Amino acid sequence: MKQQTLAIHTAPERIDPHGALSMPVYHSAAFEFDSAADMEGAFTGRLHKASYSRVVNPTVAYLEDKVTSLTGATATYAFNSGMAAIHNALVTFAESGKNIVTSKHLFGNTFSLIGGTLRRFGVKAKFIDLTDISKVREAVDADTCCIYAEIITNPQMEVADFRALADIAHQHNIPLIADTTIIPFTRFSAKDLGIDIEVVSSTKYISGGATSLGGLMINYGRFDFVDKRVRMELLYNLGAIMTPHAAYMQTLGLETLEARYAMQSANALAIAKALREVEGIESVNYVGLEDNPYYELSRSQFGDTAGAMLTFDLPTREDCWKLIDNVKLIRRATNLFDNRTLIIHPASTIFGNFPASVRRSMQVNDTTIRLSVGLEHPEDIINDIKQAIQ
Amino acid sequence: MKITVNEEQQEVHEGISISELIKENNVAQPEMVSVQLNEEFLDRDDFAATILKEGDVVDFLYFMGGGMR
C-alpha cells in the first residue's frame, strides 16, 4: 500500500466495544487484567499490553503503530514533545565518559541539551562541521556513543551526506540519530539512508495546525537493546510519554499529512522563487531552489520536496524587525508547519539567550528572517511581505 | 594582556584562569554558566586549570530558556 493509504487505514487493535471507526481517546491511568499471569507479562515486558498510561496507552500505541507501519521501522515511541523524544533517544545511548559527535547547527534547545544539560552528567559534545566527512571521521573515537544530525539545519539550511555519516557510525558500531522534522517521513526512507534512530517533533507537520505537542522516536532495529531500554527503562523512569489526547490529535493529523505537506512544500517553493525578485531582500535560502548548494544532495536523500521552511536576509537586524512588525496576514509566532504562515527572527528569539559570538559560530545571523509556510495561497503571503518591506 | 569576553575586549593579568575570570567578571550564577574558549566548550572541571593567553576569545553562556522551534 502507498503511504497516504497506510496513514488512513493502519488497523487498530479492535478493542473498542462499540466498534468506533476513529481510535477513541483512552483517558485512563490504569488498565485491568484478567489474570495474575497477564499482569506479570505486562509488567515484565513479555506482553505489550496497557497496564499504566505512563508506559503504554492504547491511543498512544495506535499512533506509534501507524508511524511504524508508515516508516518500516521496528518500533516507534511517542513522547510529549520533540525535545522529550530527542532526550530519550540520546540517553538511550549516552553515559558519563561518552561523547556525542554533532554540529553546532542544531535547534537551540538541542544544542543546550547536548552542550549544557548532558554535559553536566559527564556526556561530552564534539561540535564539528558534519558536512565535512573527513572531520567526522577524525572526531569519532572509541568513546563516541552516537552521531547526531538534523536533516536540514534550522535556520542555516545545511544538508550533510547521511549515507556517509551512517557508514562512519556503523564502522564504529554506533547509531546515526537524525532529527527529520523538516521533511515528513512519508517522503523519504530514513532507513535506506542508514539512519538508525529517527526523531521527529510531531508538534510540526503531524499535529496539523499546531494543536498539540509531541515527539516521536522511530527505531529501525539495528541495536537490539534499544526497544527494551526505552520501553522498560526510560518510559518508566523518565515519564515522558505522549498524552492520549495529543496522540488522538496527532493521529488525525497524520491522516491528512500528505495532502497538507504537498500544498505547503509547493507553496514554500513558489514563495522562495518570488521573494528573490522582491526589492530589499538580499538573499533567499531554500534547499528546493535549483541553485542552492544542497539542492542535489537533498533531492538524492529526501526526495523532490524540501520542506516548508525558508529563510531570507535583509540588510540589517532593524530591517528584519520592521518587516516583522509590518506584516498583516503572516503571524508573528514560533513553531514550524502550522497551517498559518509564521514569521520569526531566530537570532533574537530561539537563539536570543546566546551571546552574539556564539550565535555567529552557529551561523545564526542577525539579518535572517525565518518563514514557516502554511496553507494560504502563496500570492497572499508574497503580497504581505511586499507591503511589509516598504 | 588583551582577551575578548562576550564580544568585548578586556585587559586581564597574565596567567589568569577561567575560574578567576568568572570571579573578576562577577558572572551571574557561576554554578550555571557554561564557558566556550575559542569556540570550544570547556568542562567545568577544567575551569581552574585553564590559563588564558593573549587574544583568547571567551564566551559565557547559559543553557537556559531559549526557543520553541
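Residues numbered from 1 in each chain as written. Chains lettered and ligands numbered in written order. Predicted model: local features only at pLDDT ≥ 70, side-chain atom pairs only at ≥ 80, totals over all residues. Heavy atoms only, no water.

J.: Sorry, what's going on with the interface of chain A and chain B here?
T.: Interfaces are often described in size by the accessible area the parts lose on coming together. Taken together, the contacts link 28 residues of chain A with 18 residues of chain B. For the chain A and chain B pair, buried surface summed over both sides reaches about 2,000 Å², with 51% attributable to carbon and sulfur atoms. Inspection of the chain A/chain B interface yields three salt bridges. Notably, a salt bridge pairs R360 of chain A with E7 of chain B, separated by 2.4 Å at the nearest N-O pair. Across the contact surface, chain A and chain B share five residue pairs in polar contact (both at pLDDT 80 or more). Mapped onto the side of chain A that touches chain B, the elements with two or more residues apiece are α5 (108-120), β3 (124-127) and α14 (356-361) of chain A. With six residues, the top contributor of residues to the side of chain A that touches chain B is α5 of chain A. Class assignment for the residues of the side of chain A that touches chain B results in 10 nonpolar, 11 polar and seven charged. (Contact = heavy atoms within 4.5 Å. Buried area = accessible area lost by both parts, 1.4 Å probe. Salt bridge = Lys/Arg side-chain N within 4 Å of Asp/Glu carboxyl O. Polar contact = N/O pair within 3.5 Å; in protein donor to acceptor, adjacent residues only side chain to side chain. Helix = DSSP H or I, 4+ residues; strand = E, 2+ residues; numbered from the N terminus. Nonpolar A, V, L, I, M, F, W, Y, C, P; charged D, E, K, R; others polar.)

J.: Honestly, the sheet that holds strand β4 (residues 40-41) of chain B in this entry has me stumped. Any pointers?
T.: Paired through backbone hydrogen bonds, the strands of a sheet run either parallel or antiparallel to each other. Residues and elements named next belong to chain B. Overall, mixed pairing links the five strands, which are arranged β2-β1-β5-β3-β4 in an open sheet. Edge strands, defined here as strands with exactly one partner in the open sheet, are β2 (8-11) and β4. Sheet analysis places strand β3 (residues 34-37) next to strand β5 (residues 57-61), joined by four bridges and oriented antiparallel. By the bridge assignment, Q36 is partnered in β5 with D59. (Pairing = 2+ DSSP bridges.)

J.: Would you mind showing me how to read the pattern of salt bridges here?
T.: Side-chain pairing between opposite charges can occur once the charged atoms of the two side chains come close. Counted by the stated rule, this structure contains 17 salt bridges over all chains. One salt bridge connects D43 of chain B with K124 of chain A, and the closest N-O pair in it is separated by 3.0 Å. With D43 of chain B in the loop between β4 and β5 and K124 of chain A in strand β3, this residue pair bridges two chains. We classify D43 of chain B as buried; its relative accessible area is 18%. (Buried < 20%, exposed > 50% of the residue type's maximum accessible area, 1.4 Å probe, protein only.)

J.: Please explain the sheet that holds strand β6 (residues 197-201) of chain A as it appears in this structure.
T.: All names here are of chain A. Spatially, the seven strands line up as an open sheet ordered β1-β7-β6-β5-β4-β2-β3, and their pairing is mixed. Since the sheet does not close on itself, it has two edges, and those belong to β1 (75-79) and β3, each with one partner. Averaged over all pairs of adjacent strands, the angle between their axes in this sheet comes to 20°, without regard to strand direction. Across the sheet, helix α3 (residues 58-71) lies against β1 and β7 (215-219), angled at about 135° from β1, the strand it touches most. (Axes fitted to C-alpha atoms, helices over the stretch in contact; angles between N-to-C directions.)

J.: I would appreciate a short explanation of helix α10 (residues 244-255) of chain A in the present structure.
T.: Think of an α-helix as 3.6 residues a turn; residues three or four steps apart then line up on the same face. Residues and elements named next belong to chain A. Between its first and last C-alpha atoms α10 spans 17 Å; for 12 residues at 1.5 Å apiece the expected length is 16 Å, and the two agree. Residues P244, A246, A247, Q250, T251, G253 and L254 constitute the buried set of α10. Packed against the buried residues of α10 are α1 (3-9), α3 and α11 (257-275). (Expected span 1.5 Å × (residues − 1).)

J.: How should the confidence of the model for chain B be read in this particular structure?
T.: Summarising the model, chain B shows a mean pLDDT of 88, and 93% of its residues fall at 70 or more. The ipTM assigned to the predicted complex is 0.76, against a pTM of 0.92. (pLDDT = per-residue confidence, 0-100.)

J.: How should the nonpolar core be read in this particular structure?
T.: Generally speaking, soluble globular proteins have nonpolar side chains that are buried together. Membership of the largest hydrophobic core comes to 127 residues, with the highest contact counts inside it found for L90, I147, F162, L275, F312 and L371 of chain A. Once residues within four sequence positions are removed from consideration, L275 of chain A is found in contact with I281, V284, L310, F312, L371 and I385 of chain A. Among the nonpolar cores identified, the runner-up in size contains 17 residues, and I3, I16, L42 and V58 of chain B belong to it. (Core = buried A, V, L, I, M, F, W, Y, C linked by side-chain atoms within 4.5 Å.)

J.: What is the right way to read the state of the cysteines from this model?
T.: Under the defined criterion, the tally for this structure stands at zero disulfides over all chains. With no disulfide of its own, C146 of chain A lies closest to C145 of chain A among cysteine sulfurs, the gap being 4.1 Å. (Disulfide = S-S within 2.5 Å.)

J.: Just to check I follow, could you spell out the environment of H48 of chain A for this structure?
T.: All names here are of chain A. Its place among the elements puts H48 in the loop between α2 (36-44) and α3. For H48, a relative accessible area of 47% corresponds to the partly exposed category. Setting aside residues no more than four positions away along its own chain, H48 makes contact with V56 and R231.

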